[in-house]
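Descriptive analysis of the structure
Read off the chains here:
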Amino acid sequence: MENETTILIVDDIPGNVDVLRKTLEVEGYSISMAPSSEVALKIAPKIKPDLILMDVMMPGMDGFETCRKLNEDTVFENTPIIFVTGKAETEDVVDAFKSGGADYITKPFRDEEVLARVGTHLKLIQTIKTNECLVTDLKRAVLNLESAQQESLAKSQFLGRMSHELHTPLNAIIGFSELLSMRERDPLNEEQSESVDEIKKAGKHLLNLVDQVLEINKIDSGELKCVSQKVSLDAIISEAITSMSDLAEGECVSFDNLIDKNRDIFVNEDPGKIKQVFLNV
């Protein structure tokens, strides 16, 4: 069965093993058995039990020494080992925990106690495994977040440098095109004047695109600042229409502001950002 819980019983007395096996199989656990410590050390790495029930007094190596040897293997560092024995002196209990045992059940044991202790330790180990998975997922998420933040920072720095570098030549293009259209000596003919106007429009359009990239970059980096104030929506729309009129005319598009002049609309917002909304529309 997939996800079946396996319990290894280590005891040299067949009667004890049989009683424990019948008690645990009722709960659906898969049972493996080892008649000695030596056999347990051989089969445990192969079956990788979820929990081990260990007798203390056995011929040869006792349960405490077996427990210490199992705990030396990292495979069993989270495997609970419960001692089941007739030894109930305080020093025996202390030795059980010093050897790395998770719990201690004295004989003659009761089925209810065995099932309760086994169930508790299995739930505990499952909780530990779940928490380890959560910690692993959290570490992975943190690494992904740090990587994304580094990529975002690199992108922001690149966009900032690029936008700054583009501003200078674009302003120069717009400025020189305005000087060409304004010169009194040797004025431009009609065709040249139209060409210069197209250069100026294209330059302003590119400059606007660069500014939009900067705005988006500020939004992504959380650096965008807005100043809220009461502004006339009619005035903002009129400014936007005026700004786009030349470009619109070239595309044979006309704009009309149909807001009632006698009933102005006011909004509390950053006027530059509101105007940008209408320019984008």
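The structure reproduced in this document is the subject of the present report. (Residues numbered from 1 in each chain as written. Predicted model: local features only at pLDDT ≥ 70, side-chain atom pairs only at ≥ 80, totals over all residues. Heavy atoms only, no water.)

Along the backbone of the protein chain there are 8 helices and 7 strands. Taken over the C-alpha trace, the protein chain has a radius of gyration of 40 Å; the compact-globule value for 281 residues is 19 Å, which it surpasses by more than 25%. Overall size of the protein chain, expressed as C-alpha extent along the three principal axes, is 115 × 45 × 35 Å. Looking at the protein chain residue by residue over its 281 residues, the buried ones come to 29%. Of the contacts made within the protein chain by residues no fewer than 6 positions apart, 67% connect residues no fewer than 24 positions apart. Here the protein chain displays about 18400 Å² of accessible surface, and carbon together with sulfur accounts for 55% of that area. For the protein chain, the separation between the mean place of its 30 positive charges and that of its 50 negative charges on side chains is 3 Å. (Helix = DSSP H or I, 4+ residues; strand = E, 2+ residues; numbered from the N terminus. Rg over C-alpha atoms; globule rule 2.2 N^0.38 Å. Buried < 20%, exposed > 50% of the residue type's maximum accessible area, 1.4 Å probe, protein only. Contact = heavy atoms within 4.5 Å. Areas by Shrake-Rupley, 256 points an atom, 1.4 Å probe, with all protein chains shown as cover. Lys, Arg positive; Asp, Glu negative; His and termini not counted. Charge placed at Lys NZ, Arg CZ, Asp CG, Glu CD.)

Together, V277, F278 and V281 make up an exposed nonpolar region whose accessible area comes to about 300 Å². Relative to the helices and strands, V277 resides in helix α8 (residues 271–280). Residue V277 is classed as partly exposed on the basis of its relative accessible area of 45%. (Patch = residues over 30% accessible without salt bridge, like charges linked within 9 Å, V, L, I, M, F, W, Y side chains within 5 Å. Salt bridge = Lys/Arg side-chain N within 4 Å of Asp/Glu carboxyl O.)

As a further point, take helix α1 (residues 14–25). If you check α1, its first and last C-alpha atoms are 16 Å apart, about what 12 residues at 1.5 Å a residue would give, namely 16 Å. Listed as buried for α1 are N16, V17, L20, T23 and L24. Axial view of α1: buried residues confined to an arc of 135 degrees, hence all on one face. Buried residues along α1 sit against β1 (6–10), β2 (30–34), β3 (51–54) and α5 (111–182). (Expected span 1.5 Å × (residues − 1). Arc of directions from axis to C-beta.)

This part takes up the nonpolar core. In this structure, L8, V10, I52, M54, L70, I81 and F83 are the most contacted members of the largest nonpolar core, which totals 17 residues. Of all the elements in the fold, those that place two or more residues in this core are β1, α2 (37–47), β3, α3 (63–71) and β4 (81–85). Broken down by element, the residue count for this core peaks at 3 residues, all from α3. With residues near it in sequence (within four places) discarded, M54 still touches V10, G63, T66, C67, L70, I81, I82, F83 and V84. (Core = buried A, V, L, I, M, F, W, Y, C linked by side-chain atoms within 4.5 Å.)

Inspection of every chain in the model, using the stated rule, returns 1 aromatic pair. Residues F64 and F83 carry aromatic rings whose centres are separated by 5.1 Å and whose planes lie at 80 degrees to one another, so their mutual orientation is edge-to-face. Of this pair, F64 sits in helix α3 while F83 sits in strand β4; the two residues are 19 residues apart in sequence, bridging distant segments of the chain. Taking the relative accessible area as the measure of exposure, F83 reaches 0% and is therefore buried. Positioned over the ring face of F266 is K230, at 4.9 Å from the centre of the ring. (Phe/Tyr/Trp six-rings, centres within 6.5 Å; stacked < 30°, edge-to-face > 60°. Lys NZ or Arg CZ within 6 Å of the ring centre and 35° of its normal.)

Right, let's get into the environment of V118. Summarising the element assignment, V118 is placed in helix α5. For V118, a relative accessible area of 0% corresponds to the buried category. Not counting residues up to four positions away in its chain, the partners in contact with V118 are I7, L24, Y29, L51, L53 and I82.

Adjacent strands of a sheet pair through backbone hydrogen bonds, lying either parallel or antiparallel. The strand order across the open sheet formed by 5 strands is β2-β1-β3-β4-β5, and the pairing between neighbours is parallel. Of all strands in the sheet, those bounded by a partner on one side alone are β2 and β5 (103–106). With direction set aside, neighbouring strand axes in the sheet form an average angle of 20 degrees. The sheet contact formed by β1 and β3 spans 4 bridges and is parallel. The partner of I9 across the bridge, within β3, is L53. On top of the sheet, α5 reaches β1, β3, β4 and β5; it is set at about 170 degrees to β5, its chief contact. (Pairing = 2+ DSSP bridges. Axes fitted to C-alpha atoms, helices over the stretch in contact; angles between N-to-C directions.)

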